[in-house]
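Architecture at a glance
Below, each chain spelled out in residue letters.
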Amino acid sequence: MSVLTAAADQSVCAPLPVLGRDVTVPLVTGGDVTYAALDYAASAPALQRVWDDVAAYAPYYGSVHRGAGYLSQLSTDLFENARRTVAEFLGCRPADQVVFTRSTTDSLNLLARALPAGCQVFVFETEHHASLLPWRDAEVTFLDAPRTPRQAVETLERALADRDPHGPALVCVTGASNVTGELWPVRELAAAAHAHGARIVLDAAQLAPHHPVSVRELDVDWVAFSGHKLYAPFGSGVLAGRADWLAAADPYLAGGGASRKVTRREDGGVAVEWHESAARHEAGSPNVIGAYSIASACKALTEAGFDTLVARERQLIDTVRAGLAEVPEVRILSLFGDDAPRVGVISFVVEGWNSSHFAAALSAEYGIGVRDGLFCAHPLVRTLLGADPGTQGECGAPEAAPGEKSLNAIRVSFGAGTPDEHVERFVRAVRELVRDGAKWRYRTEDGRCVPAV
């Protein structure tokens, strides 16, 4: 590719405007620098377009569904239109429901509450805790981490072949790992699940911000994701998919909005008729701004074009991986190998460094925000680090001083709003820290590595 062609590609694939792109932060070594937000896998910065849409609506905010006033009717229309926008974004089937929740975690806990009696759940140990832990009232089979996509499918097929074929079953799987960024064979796993009479729910928290997600094309039964990873600023999420299990279950929350009719019984009690629509699991005053912000993000990503967004993100991934490969002390964590397709999420460890210390130095000395720890995916990170399953570790940094060995890793993540300069600065900072060491002294405080003052 010529320099002119590369320049043209960069102009076409410019990062999307996000909030905070011009924020400066102080460095412990003196001066200020534009903050490089490279922790998208935790929370992506809100798109400027989303923020502007929400700000334009804010003066017209009103109660939803039951208000007779103009603002209430406008807000109700906006809320329900947001539901339709999300359904279109996800390629939902005509009979599918879109339920607005607080997050991916909330969505999967809602589905866990709606499981039929005797349901068996199959989940890989590689999942984020949001999809690993909600199934407390079901019979759960935890599957070992596969080392290839084909092995993932074969492992699931063997497990499903051994189950009771007469009862309900659910498979829960991620679309893209929040630790390695690797894409999972969702369509093949869905086919395996359905071949054995099971249903499947897709945790798309890390997939939906980076790749198109179609319920119909992937043939999954449900999909869950969070707004705050999809460039929306508020505490909102989505569970979309088949309606039957949700309609048959008691409401996730009991209260106004979920109930269609409430009457007193002759014995003095209360009789309730619940909604069968998505409202059944949306009790209370809904987060209309959160739902609207998700819909706005869905529109913005669709209009930007996922082909363009994916192509640009691949350039950023290649830049980071190539830069880290030049540092012998760095080991990138991976399940499926270097050639596996992935999103902009990369975790690694640095020989001779406590990961918390390294992340703290990136922030304090270079103005780069990354994540360190076990990323709320403890079994997976332990497997990737070759640690004993019982070894202690936390989502944040463990109690380990700079230089001490720790059971945690460093994660850099990026997306549609990341400028080239941020990933280039990150690669340069890794190289300098490994070569020259930190310029500042650090200490452990409340489990975190911080600059000593």
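It should be emphasised that the depicted structure is a prediction, and the values quoted were computed from it without experimental measurement. (Residues numbered from 1 in each chain as written. Predicted model: local features only at pLDDT ≥ 70, side-chain atom pairs only at ≥ 80, totals over all residues. Heavy atoms only, no water.)

1. A word on the state of the cysteines
In protein chemistry, a disulfide is the covalent bond that joins the sulfur atoms of two cysteines. Going by this rule: Defined by distance alone, a disulfide is two cysteine sulfur atoms within 2.5 Å. For every residue, the accessible area obtained with a 1.4 Å probe (protein chains only) is divided by the maximum for its type, and the residue is called buried under 20%, exposed over 50%, and partly exposed between those limits.
In this structure the tally under the stated criterion is 0 disulfides. The thiol of Cys92 is not disulfide-bonded; the next cysteine sulfur, from Cys298, is found 10 Å away. According to the relative accessible area criterion, Cys92 is buried, its value standing at 11%.

2. Digging into the pattern of salt bridges
A side chain with one charge can pair with a side chain of the opposite charge if their charged atoms come near. Here is the rule: Each reported salt bridge corresponds to a side-chain nitrogen of Lys or Arg within 4 Å of a carboxyl oxygen of Asp or Glu. By definition, any uninterrupted DSSP run of H or I lasting at least four residues is a helix, any uninterrupted run of E lasting at least two residues is a strand, and each is numbered from the N terminus.
Following the criterion strictly, the structure yields 22 salt bridges and no others. For Asp96, the salt bridge identified is with Arg93, shortest N-O distance 3.0 Å. By relative accessible area, which is 15% here, Asp96 ends up buried. One salt bridge connects Asp244 with Arg199, and the closest N-O pair in it is separated by 2.6 Å. With Asp244 in helix H9 (residues 244–248) and Arg199 in strand E8 (residues 199–203), the pair connects residues that are 45 residues apart, well separated along the chain. Look at the salt bridges and you will find they share partners, linking Asp39, Arg371 and Arg411 into a network.

3. Looking at the confidence of the model for the chain
Formally: Per-residue confidence from the predictor is reported as pLDDT, which spans 0 to 100. The contact definition used throughout considers only heavy atoms, calling two residues in contact when any of these lie within 4.5 Å.
Averaged over the chain, the pLDDT score is 92; the fraction of residues at 70 or greater is 93%. With pLDDT under 50 throughout, residues 1–11 is counted as low confidence; its partners more than four residues away or in other chains account for 5 contacts. Taken together, the stretch residues 392–399 has pLDDT below 50 and engages in 30 contacts with residues farther than four places along the chain or on a different chain.

4. As for the packing of aromatic side chains
The relative placement of two aromatic rings is captured by the distance of their centres and the angle of their planes. Here is the rule: Two aromatic rings from Phe, Tyr or Trp, using only the six-membered ring of Trp, form a pair when their centres are within 6.5 Å; if the ring planes differ by under 30 degrees the pair is stacked, by over 60 it is edge-to-face, and anything between is tilted.
Evaluation of the coordinates by the stated rule reveals 11 aromatic pairs. Note on Trp222 and Trp245: the rings are 5.2 Å apart at their centroids and 35° apart in plane angle, and the pair reads as tilted. Placement of the pair is Trp222 in strand E9 (residues 222–226) and Trp245 in helix H9, with a sequence separation of 23 residues. For the pair Trp222 and Trp245, a shared accessibility class is recorded, and that class is buried. Connected via pairs of aromatic rings, a cluster forms that spans Phe348, Trp353, Phe358 and Phe426.

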